[in-house]
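Summary of the model geometry
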Amino acid sequence: MSLQAIKILHLDSNHALLWQQLEDAGFHNEEDFNSTKEEVEKKIQNYQGIVIRSRFKIDKTFLDKAINLQFIARVGAGLESIDCDYAIAKGIKLIAAPEGNENAVGEHTLGMLLSLMNKLNRADKLVREGKWMREGNRGFEIENKTVGIIGYGNMGKSFAKKLRGFDAHVLCYDIKDNVGDANASQVSLIELQNKSDVLSLHIPWTPETDKMVNSKFINSFVKPFWLINTSRGNNVVTSDLVDALKTGKILGAGLDVLEYEKLSFENLFIDLEKPEAFQYLLEAENVVLTPHIAGWTFESHEKLAQTIVDKIVSLYK
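Below is a short write-up of the structure. (Residues numbered from 1 in each chain as written. Predicted model: local features only at pLDDT ≥ 70, side-chain atom pairs only at ≥ 80, totals over all residues. Heavy atoms only, no water.)

Some remarks on the overall build of the protein chain
Helices and strands together make up the secondary structure of the protein chain, namely 12 helices and 12 strands. Computed over the C-alpha atoms, the radius of gyration of the protein chain is 21 Å, within 12% of the 20 Å expected from 2.2 N^0.38 for a compact globule of 317 residues. Seen through its C-alpha atoms, the protein chain measures out along the principal axes to roughly 70 × 45 × 35 Å. If you take every contact in the protein chain between residues at least 6 apart in sequence, the share linking residues at least 24 apart comes to 60%. With the model as given, the accessible surface of the protein chain reaches about 15800 Å², and the carbon-plus-sulfur share is 51%. In the protein chain, 37 positive and 44 negative side-chain charges are present, and the distance between their average locations comes to 2 Å. (Helix = DSSP H or I, 4+ residues; strand = E, 2+ residues; numbered from the N terminus. Rg over C-alpha atoms; globule rule 2.2 N^0.38 Å. Contact = heavy atoms within 4.5 Å. Areas by Shrake-Rupley, 256 points an atom, 1.4 Å probe, with all protein chains shown as cover. Lys, Arg positive; Asp, Glu negative; His and termini not counted. Charge placed at Lys NZ, Arg CZ, Asp CG, Glu CD.)

Printed below as a string of structure tokens:
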């Protein structure tokens, strides 16, 4: 089959280089950014490839209709919006691009930690209100703190690399063996919980990680700690996090993701009345919130697209 016969359906807008380089390589591109999932299902049999971010879930029903599909490329790090097992069983190649935004996530995580420990958001707000409070905004240093990283793949490794100049003690825990490196010592979860002053999550959303950070998990830490979550919102039970913030078990939280997000990550799905736990986060001075942008830089926008192009081309050449 010639590359021109490989028809790729783009379901989300991405960096222009993705479309252009695939076209230059000989693939046939088509786009559909507006049709519903059901409408796409009616024509998906005409395509050999899909490029998507997180517009909708690619489930068993969708895959059964995609009888000629050879690959699904997600312009992002994770594949949780795809029924991966079923896709693989049907011989469909799955492509993701964690290399594309790992640096962005590492930098954002470090920025959140620095902001929390030095009370930058609170201090800025008070100065703007005309309140010059030095003692009330005394901060902490990363040096000699123990930073625990759960999930030591592309994102976790990037954050650990960023910490090298801060003279922190960096530990990592991962379900895979032998992933530690010069930037982080791999330990058991128990050891990480016994020693950490900071916890940073860099894990996918799976049945094993869903609601992983709950009251029992939090209280298993020996010391009060700062929590950073740039992974997935559903990995943390927000109400349990808030309880820990109130007691001081969690000293502060940097949250780039929330369990209230829609699957598409494009909107915050909340009822007309905000959940009580979410309202607390909005008002808390020791909480930093960002709208799922840790990996969303101008540079990563291009890197993600380039990574996807390279992987699609290598699949056929």
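Side note on the pairing of strand E6 (residues 146-150)
Two faces make up the sheet, and in a regular strand the side chains alternate between them. In terms of burial, E6 is a largely internal element, 5 of the 5 residues being buried. Side chains of E6 alternate between two faces, with Thr146, Gly148 and Ile150 and Val147 and Ile149 buried alike. Here E6 runs beside strand E7 (residues 169-173); their pairing, made up of 5 bridges, is parallel. The residue bridging Ile149 from the neighbouring strand is Cys172, located in E7. One crossover worth recording links E6 to the parallel E7 by way of helix H7 (residues 154-162), and it is right-handed. Sheet topology note: the E6/strand E9 (residues 198-201) ladder contains 4 bridges and is parallel. The residue of E9 that forms the bridge with Gly148 is Leu199. (Buried < 20%, exposed > 50% of the residue type's maximum accessible area, 1.4 Å probe, protein only. Pairing = 2+ DSSP bridges. Right-handed = clockwise from strand over helix to strand, strands pointing away.)

Section: the pattern of salt bridges
One pass over the full model with this rule turns up 17 salt bridges. For Lys37, the salt bridge identified is with Asp59, shortest N-O distance 3.2 Å. Linking Lys37 in helix H2 (residues 37-41) with Asp59 in the loop between strand E3 (49-52) and helix H3 (60-65), this pair joins segments that are 22 residues apart in sequence. Judged by its relative accessible area of 16%, Lys37 falls in the buried class. Here Glu135 ties to Arg138 by a salt bridge, and the two come within 2.5 Å at their closest N and O atoms. Judged on exposure class, the residue Glu135 and its partner Arg138 are both exposed. In the salt-bridge network here, residues are joined through shared partners; they are Lys37, Glu41 and Asp59. (Salt bridge = Lys/Arg side-chain N within 4 Å of Asp/Glu carboxyl O.)

What to know about the sheet that holds strand E8 (residues 185-186)
Adjacent strands of a sheet form backbone hydrogen bonds with each other and so pair up, either parallel or antiparallel. Strand order in this open sheet of 7 strands is E8-E7-E6-E9-E10-E11-E12, and the pairing throughout is parallel. A strand with exactly one partner marks an edge of an open sheet, and here the two such strands are E8 and strand E12 (287-289). Across 3 bridges, the pairing between strand E11 (residues 250-255) and E12 is parallel. Note on E12: the bridge partner recorded for Gly254 is Val288. Lying over the sheet, helix H5 (residues 98-117) contacts E9, strand E10 (225-229), E11 and E12, oriented at roughly 145° with respect to E10. (Axes fitted to C-alpha atoms, helices over the stretch in contact; angles between N-to-C directions.)

Structural notes on unusual backbone geometry
You will see that Lys119, though not glycine, has its phi angle at about 55°, which is positive. Within the secondary structure, Lys119 is located in the loop between H5 and helix H6 (120-128). In this structure Lys119 comes out as partly exposed when scored by relative accessible area, which is 27%. The phi dihedral of Asn144 falls on the positive side, at around 70°, and the residue is not glycine. Along the polypeptide, Asn144 turns up in the loop between H6 and E6.

A word on the packing of H5 against helix H12 (residues 298-316)
Contact geometry of H5 with H12 gives a least axis separation of 7 Å together with a crossing angle of 160°. Classed by the angle they form, the pair H5 and H12 counts as roughly antiparallel. Considering only the axes of H5 and H12, their crossing is right-handed. Residues Pro98, Glu99, Gly100, Asn101, Asn103 and Ala104 of H5 form the contact with H12, whose own contacting residues are Ser300, Lys303, Leu304, Thr307 and Lys311. Counted by class, the contact of H5 with H12 contains 3 nonpolar, 5 polar and 3 charged residues. (Parallel < 35°, antiparallel > 145°, perpendicular 65-115°, else oblique. Left-handed = near helix turned anticlockwise from the far one by under 90°. Nonpolar A, V, L, I, M, F, W, Y, C, P; charged D, E, K, R; others polar.)

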